[in-house]
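Summary of the model geometry
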Amino acid sequence: MSVIAPEAIASRQPAGKPIELRDEARRPGMPLLWFDGELTAADTPHAPLTTHAMHYGTGVFEGIRSYATRDGAAVFRLPEHLERMRKGADLLGIDFDVDAAFEATLQTLRANGHRDAYVRPLTWLGNGADGVTVGLDVPGLSQHFMVMTLPTVVHLNGKRSRLTVSPWKRNPASSLPPLKLCGAYINSILAKRESRLRGFDEALFVDEDGYVVECTGANVFMVRGGDVTAVSHRDALPGITRDSVIALSGAQSRPVTHHELLDADEVFVCGTAAEIAPISALDRREFGDNPITRELQALYGRVVRGEESSYTHWLTAV
């Protein structure tokens, strides 16, 4: 199973040529980010308050991870992430250069010296030629691109988590395509906030018919009788980590009801930031030691760090 058609992913090698930094970008202790073609200090103001994306959410992002390997830092499934980002940009009429974004990501990681890092590329719509940005028409607005890298833990990061069914419903794919469109993530923020207020770590979206969709930023798997099942739903993000876990585990992909999830031996979620995170409880249903989840966690950890030769093609050297 592949998230992106193989023919859409060109073979790319990092150029390895460092970009020159402006003197004002070099400040001790201040990380650098890529903004519209150059590296600059992360605390430099970049976008005016009239930016269209700030008012309407007209942007597209990705969550990507780099990992320390014995041969240096490597980015996990970078081409697939950027191809998915391009699909979202196309919907908004943003000209997205995958090859330029590929190189910008590597340049930013090199400039910051980050190995284990979370990578956030973002492309968005800015201002019109006359400075007017209030309105729903987007042709003629300026287009921007940035990359930042963070050597910090984000989201679940593989930790055991308590899950609850959200009273909110996931954006239907018939209204918003399941891509990383900035404005769409208000849906996840509302669900996450509500779950935290009730003492849980994460929220689970279930549709009107009782079928599991996904979590706020992760896809869902269950284990029953030793068999691994990947939850599928048309409203869920076609996760790249999900695709990886299916390849590693041989999981079947199919729709799963909320009741099936409650009857499972193990439940885990996965995503770039979550990695593979075991679920310790789903509302009042407590799960045990999750041995198969732990095995998959260990295997995934070896894969992303280049210790499994069959999957080194998923890694791009920095």
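Residues numbered from 1 in each chain as written. Predicted model: local features only at pLDDT ≥ 70, side-chain atom pairs only at ≥ 80, totals over all residues. Heavy atoms only, no water.

1. Quick notes on the overall build of the protein chain
For the record, the criterion: Runs of H or I in DSSP of at least four residues are treated as helices and runs of E of at least two as strands, each being numbered from the N terminus. We call a residue buried when its accessible area falls under 20% of the maximum for its residue type, exposed when it is over 50%, and partly exposed in between, using a 1.4 Å probe and counting protein chains only. Residue burial considers only the protein chains on display, and all accessible areas are found by Shrake-Rupley using a 1.4 Å probe.
Within the protein chain one finds seven helices and 17 strands. The buried share of the protein chain, reckoned over its 318 residues, is 51%. As displayed, the protein chain offers around 14700 Å² of accessible surface, 53% of which is attributable to carbon and sulfur atoms.

2. Re the side chain of Thr-108
Among the structural elements, Thr-108 can be located in helix α3 (residues 98–112). Since its relative accessible area comes to 0%, Thr-108 is described here as buried.

3. Some words on the nonpolar core
Keep this limit in mind: To qualify as a nonpolar core, a set must consist of buried Ala, Val, Leu, Ile, Met, Phe, Trp, Tyr and Cys residues joined through side-chain atoms within 4.5 Å. Working rule for contacts: check all heavy atoms of both residues, and any pair within 4.5 Å makes them a contact.
Ranked by size, the top nonpolar core spans 30 residues in total, and within it Leu-78, Leu-82, Phe-96 and Phe-145 carry the most contacts. Listed by contribution, the elements that provide at least two residues to this core are β1 (32–35), β3 (59–61), α2 (78–92), α3, β6 (117–125) and β7 (143–150). Top element by residues in this core is α3. It accounts for six residues. Beyond its immediate chain neighbours, meaning those up to four positions away, Leu-82 contacts Ile-64, Phe-96, Val-98, Ala-101 and Phe-102. In terms of nonpolar packing, the next biggest core, distinct from the first, is built from 21 residues, Val-228, Ile-246, Ala-251 and Phe-268 among them.

4. A short note on a nonpolar patch on the surface
Here is the rule we go by: A patch consists of residues whose relative accessible area exceeds 30% and which take part in no salt bridge; residues with like charges are grouped when within 9 Å of each other, and nonpolar side chains (Val, Leu, Ile, Met, Phe, Trp, Tyr) when within 5 Å. We define a salt bridge as a side-chain nitrogen of Lys or Arg found within 4 Å of a carboxyl oxygen belonging to Asp or Glu.
A cluster of nonpolar side chains, contributed by Trp-168, Ile-186, Ile-189 and Leu-190, occupies part of the molecular surface with about 380 Å² of accessible area. Assignment of secondary structure puts Ile-186 in helix α4 (residues 186–197).

5. Topic: the environment of Val-138
As for its position among the elements, Val-138 is in the loop between β6 and β7. Among the residues examined, Val-138 registers a relative accessible area of 22% and is labelled partly exposed. Between the C-alpha atom of Val-138 and that of Leu-125, which follows or precedes it by 13 residues, the distance is 7.7 Å. Look past the residues within four positions of Val-138 in its chain and what remains in contact with it is His-52, Thr-58, Leu-92 and Leu-125.

6. Let's talk about the pairing of strand β5 (residues 72–76)
Note the cut-off: Between any two strands, at least two bridges found by DSSP are needed for them to pair.
Of all five residues that make up β5, five are buried, and the element is covered over most of its length. Linking strand β4 (residues 64–69) back to β5 in an antiparallel pair, the connection comprises two residues.

7. Notes on empty space enclosed by the protein
We apply this condition: Only protein atoms enter the 1 Å grid used here, on which a cavity is any set of points holding a 1.4 Å probe that cannot leave and a pocket is any open set flanked by protein within 12 Å on both sides along at least five of seven lines; residues with an atom within 4 Å of a point are listed as lining. Grid points are joined across faces, edges and corners, and a volume is the space filled by probe spheres set on the points. Just so you know the grouping, Ala, Val, Leu, Ile, Met, Phe, Trp, Tyr, Cys and Pro go in nonpolar, Asp, Glu, Lys and Arg go in charged, and all remaining residues, Gly too, go in polar.
On inspection of all chains with the given rule, the structure shows one cavity of 30 Å³ or more. For the largest cavity, the calculated volume is near 40 Å³. Classifying every residue of the lining of the largest cavity gives three nonpolar, three polar and one charged.

8. Quick look at helix α5 (residues 240–249)
Among the 10 residues that make up α5, eight are buried, leaving the element largely enclosed by the rest of the structure. What α5 keeps buried is the set Ile-240, Thr-241, Arg-242, Asp-243, Ser-244, Val-245, Ile-246 and Leu-248. Backbone geometry just downstream of α5 places Gly-250 in the positive-phi region, at approximately 70°.

9. Description of the pattern of salt bridges
For the coordinates displayed, the defined rule picks out 16 salt bridges. In this structure, Arg-77 and Asp-243 form a salt bridge, with 2.9 Å as the shortest nitrogen-oxygen distance. Here the residue Arg-77 occupies a position in the loop between β5 and α2, and Asp-243 occupies one in helix α5, the gap between them amounting to 166 residues. Judged by its relative accessible area of 4%, Arg-77 is buried. Given the relative accessible area of 3%, Asp-243 is considered buried. Residue Arg-294 is joined to Asp-289 by a salt bridge in which the shortest nitrogen-to-oxygen separation is 2.4 Å. For Arg-294, a relative accessible area of 42% puts it in the partly exposed group.

10. Digging into the layout of surface pockets
Taken as a whole, the largest pocket holds about 780 Å³ of empty space. Taken together, 40 residues line the largest pocket, and the ones lying closest to its centre are Phe-61, Lys-180, Tyr-185, Thr-216 and Gly-217. Counting only elements with at least two residues in the lining of the largest pocket, the list comes to α2, β6, α4, β10 (212–215), α5 and β14 (266–271). Of the residues forming the lining of the largest pocket, the biggest block, four residues, is contributed by α4.

11. Some remarks on helix α7 (residues 291–304)
Quick reminder of the rule: Take the residue count of a helix, subtract one, and multiply by 1.5 Å to get its expected span. Starting at the helix axis, one direction is taken to each C-beta atom, and the arc is that of these directions.
In a regular helix each residue adds 1.5 Å, so 14 residues correspond to 20 Å; α7 covers 20 Å between its end C-alpha atoms and thus fits that length. Those residues of α7 that sit buried are Thr-293, Leu-296, Leu-299, Tyr-300, Val-303 and Val-304. Viewed along the axis of α7, the buried residues span an arc of 130°, placing them on a single side of the element.

12. Re the packing of α5 against α7
Condition: Geometry is summarised by axes, namely lines fitted to C-alpha atoms with helices restricted to the contacting stretch, and by angles between N-to-C directions that run from 0 to 180 degrees. When an angle is under 35 degrees it counts as roughly parallel; over 145 it counts as roughly antiparallel; between 65 and 115 it counts as roughly perpendicular; any other value is oblique.
One way to put it is that α5 packs onto α7 with a least axis distance of 11 Å and a crossing angle of 110°. With respect to α7, the element α5 is oriented roughly perpendicular. Residues Thr-241, Leu-248 and Ser-249 of α5 form the contact with α7, whose participating residues are Leu-296, Leu-299, Tyr-300 and Val-303. Here the residues of the contact of α5 with α7 sort into five nonpolar, two polar and no charged.

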